[in-house]
Amino acid sequence: MASSTVTRMRPREQSGTRPPTPRGVRRQLPTSPWLFAAPGLLVAGAFVLYPFLSTVTNAFTDRRTLIPGQFVGLANFREMLHDDMFWIGLRNSTLYVLGVVPALVILPLMLALLVQKSIPGIAFFRSAFYTPVVASIVVVGLIWVWLLDERGLINAVLEAVGVGRVGFLSDQWLLLLSAMAVTVWKGLGYYMIIYLAALANVPRELHEAAAVDGAGAVRRFLTVTVPAVRSTMVLVGALSSVAAFKVFSEVYLMAGPSGGPAGEDTTLVMLVQRTGTGLTGRVGYASALSVVVFVVTVALMLLVLRADRKEGA
């Protein structure tokens with residue numbers, strides 16, 4: 001009897017027909033996944049895709065805040081070539097990348113190696129190193145402004161030891177270096193967590209084998225740790241490069257809306273904000289600046305990925 005039942009079921013299975021849906025269970029429609037994704041797609045379209053397309057479109061117009069504007073072609077991009085503030089902003093943003101990225105690639109890795117060990121009280125230090133990440137950038141910027149001011153704590157200490165006051169916020173290059181230091185200080189904990197996750201996947205047997213071969217701590221770091229976390233270093237380099245080139249808050253809070261002495265510390269994003277806001281804001285020119293920032297950030301990511309491929313080849 002059992003064999004006859006199996007024989008009867010075989011033709012139905014071979015025909016490819018679906019078994020009947022159990023009572024009380026609804027069959028999934030082909031559009032069901034899209035219905036679940038629709039809210040997220042709508043939000044992304046409204047707040048990401050539409051502003052991006054609108055910015056690209058406005059870059060080829062002379063639109064202002066209260067004036068629709070007309071199509072002007074590449075006039076905004078040609079104007080950049082003769083705009084001194086554009087070159088100042090490009091210079092400062094490039095220097096910011098060169099100064100911040102190497103520090104944010106190396107220092108968090110050193111920090112992760114220090115806090116990786118399981119010793120009493122290490123959880124406190126991990127939390128302390130991560131605290132600047134969750135702190136508001138406005139609060140952090142104001143604290144560092146108070147510390148670096150000519151009458152701030154750091155200058156008071158320098159004057160007490162006989163060095164004299166230093167114009168951290170009044171000198172063009174010292175102000176830019178101070179903003180870089182704040183960026184590095186605030187980003188150390190974030191990238192430390194990324195490195196901790198990568199170091200947890202490094203087999204301890206590799207370090208033990210290198211130690212047996214007579215490799216010291218430095219040699220084990222260069223021959224075992226660095227190759228194991230190389231992909232993570234590339235990721236950190238790409239993320240920090242984009243963030244550094246688009247820096248705004250640190251420099252804005254420390255240099256002020258004017259961009260430091262004679263505007264010499266203005267970055268590209270600060271120039272976009274200054275040009276495109278207000279009742280007389282040049283939205284078209286600011287959009288063209290935004291397009292340049294987008295192109296450069298994409299180019300930075302491609303350069304980092306290309307360098308990683310050459311090293312891995």
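Residues numbered from 1 in each chain as written. Predicted model: local features only at pLDDT ≥ 70, side-chain atom pairs only at ≥ 80, totals over all residues. Heavy atoms only, no water.

## Some remarks on the overall build of the protein chain
Along the backbone of the protein chain there are 14 helices and 0 strands. Sequence-ordered secondary structure for the protein chain, helices as α and strands as β, is α-α-α-α-α-α-α-α-α-α-α-α-α-α. Looking at the protein chain residue by residue over its 313 residues, the buried ones come to 33%. For the protein chain, the share of sequence-separated contacts (at least 6 apart) that also reach a separation of at least 24 residues comes to 67%. Accessible surface, the protein chain as shown: approximately 19600 Å² in total, 67% of it carbon and sulfur. (Helix = DSSP H or I, 4+ residues; strand = E, 2+ residues; numbered from the N terminus. Buried < 20%, exposed > 50% of the residue type's maximum accessible area, 1.4 Å probe, protein only. Contact = heavy atoms within 4.5 Å. Areas by Shrake-Rupley, 256 points an atom, 1.4 Å probe, with all protein chains shown as cover.)

## Some details on a nonpolar patch on the surface
Together, L49, F52, L53, V56, F294, V295, V298, L302 and L305 make up a nonpolar patch on the protein surface, roughly 760 Å² of accessible area in all. Elements with a contribution of two residues or more to the nonpolar patch: α2 (32-58) and α14 (283-312). No other element matches the 5 residues that α14 contributes to the nonpolar patch. Checked against the element boundaries, V298 lands in helix α14. (Patch = residues over 30% accessible without salt bridge, like charges linked within 9 Å, V, L, I, M, F, W, Y side chains within 5 Å. Salt bridge = Lys/Arg side-chain N within 4 Å of Asp/Glu carboxyl O.)

## Considerations on the packing of aromatic side chains
Counted according to the given criterion, the structure contains 7 aromatic pairs. The interplanar angle of 45° and the centroid separation of 5.6 Å between the aromatic rings of F60 and F77 together place this pair among those described as tilted. Taken together, the residues F60 in the loop between α2 and α3 (75-81) and F77 in helix α3 connect sequence positions 17 residues apart. Assessed through its relative accessible area of 27%, F60 is described here as partly exposed. Across from the ring centre of Y285, 4.7 Å away, lies the NZ or CZ of R282, which sits over that ring. (Phe/Tyr/Trp six-rings, centres within 6.5 Å; stacked < 30°, edge-to-face > 60°. Lys NZ or Arg CZ within 6 Å of the ring centre and 35° of its normal.)

## Notes on helix α4 (residues 84-115)
Taking 1.5 Å of rise per residue, the 32 residues of α4 would be expected to cover 46 Å, and the 46 Å separating its terminal C-alpha atoms lies within 8% of that figure. At L104, α4 is bent by approximately 25°, the largest bend along its length, and proline P108 sits one to four residues beyond. Two to three positions downstream of the cap, the backbone nitrogen of M85 sits 3.1 Å from a side-chain oxygen, assigning the N-cap of α4 to D83. (Expected span 1.5 Å × (residues − 1). Bend = angle between axes of the 7 residues up to and from the residue. Polar contact = N/O pair within 3.5 Å; in protein donor to acceptor, adjacent residues only side chain to side chain.)

## A short note on the side chain of T266
Its location among the elements puts T266 in the loop between α12 (249-255) and α13 (268-276). Under the relative-accessibility criterion, T266 is labelled buried at 0%.

## Notes on the nonpolar core
Ranked by internal contacts, the top residues of the largest apolar core, which has 59 residues, are F86 and Y96. Residue assignment for this core shows that the elements contributing at least two residues are α4, α6 (137-148), α8 (172-199), α10 (217-228), α11 (230-245), α12, α13 and α14. No other element matches α8, which puts 13 residues into this core. (Core = buried A, V, L, I, M, F, W, Y, C linked by side-chain atoms within 4.5 Å.)

## Here we look at the packing of α4 against α11
Taken N-terminus to C-terminus, the directions of α4 and α11 make an angle of 150°; their axes are 8 Å apart at the nearest point. Judged by the angle between their axes, α4 and α11 are roughly antiparallel. Regarding α4 and α11, the two cross each other, and that crossing is right-handed. Here α4 contributes L90, S93, T94, Y96, V97, V100, V101, L104, V105 and L109 to the contact with α11, which in turn contributes M233, V236, G237, S240, S241, A244 and F245. Tallied by class, residues from the contact of α4 with α11 come to 12 nonpolar, 5 polar and no charged. (Axes fitted to C-alpha atoms, helices over the stretch in contact; angles between N-to-C directions. Parallel < 35°, antiparallel > 145°, perpendicular 65-115°, else oblique. Left-handed = near helix turned anticlockwise from the far one by under 90°. Nonpolar A, V, L, I, M, F, W, Y, C, P; charged D, E, K, R; others polar.)

## Let's talk about the confidence of the model for the protein chain
Here the protein chain shows a mean pLDDT of 86. Residues at 70 or above account for 90%. Under a pLDDT of 50 for its full length, residues 1-9 has, in the predicted model, 0 contacts with residues more than four places off or in other chains. (pLDDT = per-residue confidence, 0-100.)

## Some words on the side chain of T275
Its place among the elements puts T275 in helix α13. Of the residues examined, T275 reaches a relative accessible area of 16% and is grouped as buried. Here T275 is in contact with G281, R282, Y285, A286 and L289, once residues within four sequence places are set aside.

## Here we look at the pattern of salt bridges
All chains considered together, the criterion is met by 3 salt bridges. The shortest N-O distance in the salt bridge between E79 and R282 comes to 2.8 Å. In this pair, E79 is assigned in helix α3 and R282 in the loop between α13 and α14, connecting sequence segments 203 residues apart. Under the relative-accessibility criterion, E79 is labelled partly exposed at 30%. The partner of R165 in a salt bridge is E159, and the shortest N-O contact between them spans 2.8 Å.

## Let's talk about unusual backbone geometry
A positive phi angle, close to 60°, is found at A262, a residue other than glycine. Mapped onto the elements, A262 comes out in the loop between α12 and α13.

## Focus: the environment of L107
For L107, the location among the structural elements is in helix α4. Exposure remark for L107: the relative accessible area of 41% places this residue in the partly exposed category. Spatially, the C-alpha atoms of L107 and L188 are 7.1 Å apart, while their sequence positions differ by 81 residues. Setting aside residues no more than four positions away along its own chain, L107 makes contact with V184 and L188.

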